[in-house]
Amino acid sequence: MAPHPEVAAYRAARAAAGTPPLYAQTLSEARAADLAAIRAGAGAVEPVTEVRDERFPGPAGELPLRVYRPTGSGPLPTLVYFFGGGWTLGSIDTADGICRRLANAVPCQVVTVGYRLAPEHPFPAAVHDCHAATSWIARHADELGVDPTRLAVGGDSAGGNLAAAVTLLSRTDGPPLAAQLLVYPNTDSSGEPAGDDDPALFNRRSVAWYRTHYLADPAHARDPLASPLLADDLSGLPPALVVTAELDPLRAEGQRYAERLRDAGVPTRLDHYPGMIHGFFAMPGAFTDGRRAQERAAAFLREHFGLPAVDGPADAAVPVVTSGPVAGDG
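In this text, all values refer to a predicted model and were calculated from it rather than measured experimentally. (Residues numbered from 1 in each chain as written. Predicted model: local features only at pLDDT ≥ 70, side-chain atom pairs only at ≥ 80, totals over all residues. Heavy atoms only, no water.)

1. Details of the overall build of the protein
Put simply, the rule reads: In DSSP terms, a helix is any run of H or I states spanning at least four residues, a strand is any run of E spanning at least two, and both are numbered starting from the N terminus. Atoms counted for the radius of gyration: C-alpha only. Globule rule: 2.2 Å times residue count to the power 0.38. Using a 1.4 Å probe on the protein chains alone, a residue whose accessible area is under 20% of its type maximum counts as buried, one over 50% counts as exposed, and one in between counts as partly exposed. Shrake-Rupley sampling with a 1.4 Å probe provides the accessible areas, and residues are treated as covered by the protein chains on show and by no other component. Note on charges: Lys and Arg go in the positive column, Asp and Glu in the negative column, and His and the chain ends are not counted at all. By convention, the charge on Lys lies at NZ, on Arg at CZ, on Asp at CG and on Glu at CD.
When its secondary structure is counted, the protein shows nine helices and nine strands. The C-alpha radius of gyration of the protein comes to 18 Å, within 12% of the 20 Å expected for a compact globule of 330 residues. Each principal axis of the C-alpha atoms in the protein carries an extent, and together these give about 50 × 45 × 40 Å. A burial count over the protein gives 57% of its 330 residues as buried. Accessible surface computed for the protein: about 12,700 Å², of which carbon and sulfur atoms make up 54%. Each charge class in the protein can be summarised by its mean position, and for the 27 positive and 38 negative side chains these summaries are 2 Å apart.

2. Quick look at the pattern of salt bridges
Using the following cut-off: Think of a salt bridge as a Lys or Arg side-chain nitrogen and an Asp or Glu carboxyl oxygen that are within 4 Å of each other.
Inspection of the entire model under this criterion finds 14 salt bridges. Between Asp 198 and Arg 11 there is a salt bridge, and its shortest N-O distance comes to 2.7 Å. Placement of the pair is Asp 198 in the loop between strand E6 (179-183) and helix H7 (204-214) and Arg 11 in helix H1 (residues 5-17), with a sequence separation of 187 residues. Taking the relative accessible area as the measure of exposure, Asp 198 reaches 16% and is therefore buried. Of the charged contacts in the structure, one is a salt bridge between Arg 204 and Asp 197, with a shortest N-O distance of 2.9 Å. By relative accessible area, which is 36% here, Arg 204 ends up partly exposed. One continuous salt-bridge network, built from bridges that share partners, spans Glu 50, Arg 52 and Glu 54.

3. Some details on helix H8 (residues 251-263)
Heads up, the condition is: What a helix is expected to span follows from its residue count: subtract one and scale by 1.5 Å.
The end-to-end C-alpha distance of H8 is 19 Å, a good match for the 18 Å that 13 residues give at a rise of 1.5 Å each. Glu 253, Gly 254, Gln 255, Tyr 257, Ala 258, Leu 261 and Arg 262 are the residues of H8 that are buried. Downstream of H8 by one or two residues, Gly 265 has phi in the positive range, about 90 degrees.

4. Things to note about helix H6 (residues 158-173)
For H6, built from 16 residues, the straight-helix expectation of 22 Å at 1.5 Å per residue is met to within 8% by its first-to-last C-alpha distance of 22 Å. Most of H6 is tucked away: 13 of the 16 residues are buried.

5. Brief notes about the confidence of the model for the protein
Test applied: pLDDT gives the predictor's per-residue confidence on a scale running from 0 to 100. Contacts: residue pairs with any heavy atoms within 4.5 Å of one another.
Confidence in the prediction for the protein averages 94 pLDDT; 94% of positions are at 70 or higher. Confidence over residues 325-330 falls short of pLDDT 50; this stretch has 16 contacts with residues more than four positions distant or in other chains.

What follows is the structure in structure tokens.
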């Protein structure tokens with residue numbers, strides 16, 4: 001598993017700077033450092049037609065939403081996006097770059113949700129916040145300019161975990177969903193974390209640190225809303241794109257989730273990026289494959305929103321191992 005040259009350079013720079021791993025910092029320090037690192041790797045801020053902040057009534061009080069709207073009038077297809085950060089770090093600012101690029105590239109409206117964080121609010125607070133937000137957005141489609149027949153969920157890392165959990169809740173409780181975008185998602189917190197202990201990169205100690213904050217009761221690790229891979233039945237879920245990175249300790253569980261979705265008859269595509277690390281999707285300014293992965297995610301959403309294909313980089317040959325666009329392929 002050789003790192004991509006851009007990954008090798010990134011790792012060397014972090015090692016030379018003596019950047020401490022997030023799990024070696026206080027929560028307040030880690031939250032600030034996480035946002036700073038994402039902003040540093042996000043590249044130029046991409047303008048969109050409109051960005052506005054809203055609030056919605058969450059299960060335990062009001063929570064923030066941020067709406068990114070591209071050019072266009074009337075109801076738009078909408079992606080509800082959940083930021084990453086191990087359920088412990090992050091805010092609606094964390095996913096700002098991703099939301100702007102996807103809003104323009106699809107194009108679609110993107111709404112990101114300021115769910116409650118652990119350890120102050122452990123599992124299942126974030127899951128229920130995210131499902132409540134998705135349901136509220138669907139119910140207020142007219143005032144938010146949402147086409148409720150073209151509503152999708154997505155997220156990276158812990159946000160991917162939350163998106164997967166929301167699809168499980170929405171299967172029985174609504175709202176109907178057109179697609180799910182799962183970027184290096186946590187799907188199984190019940191076993192020992194995989195990978196090594198390289199302190200310059202996201203590693204198995206990082207995974208364990210986040211789990212400790214989120215799962216106040218270790219028994220919760222076997223709840224499908226915490227570990228979607230452990231759900232008895234994944235049938236009837238929306239079409240999925242699962243993105244994984246070769247040097248990510250979450251790689252195997254993401255790939256297993258894609259396989260289980262396919263086995264359950266869910267149209268699923270797995271995009272695997274050789275030589276890449278956890279977090280690359282959020283840092284297209286640092287990693288060329290981050291930009292490519294966002295382009296391919298936009299193409300996936302276009303397809304499932306029923307929008308015309310766009311000729312360009314998303315359709316070009318890229319160094320990605322892609323497995324099957326439909327259930328049973330690959």
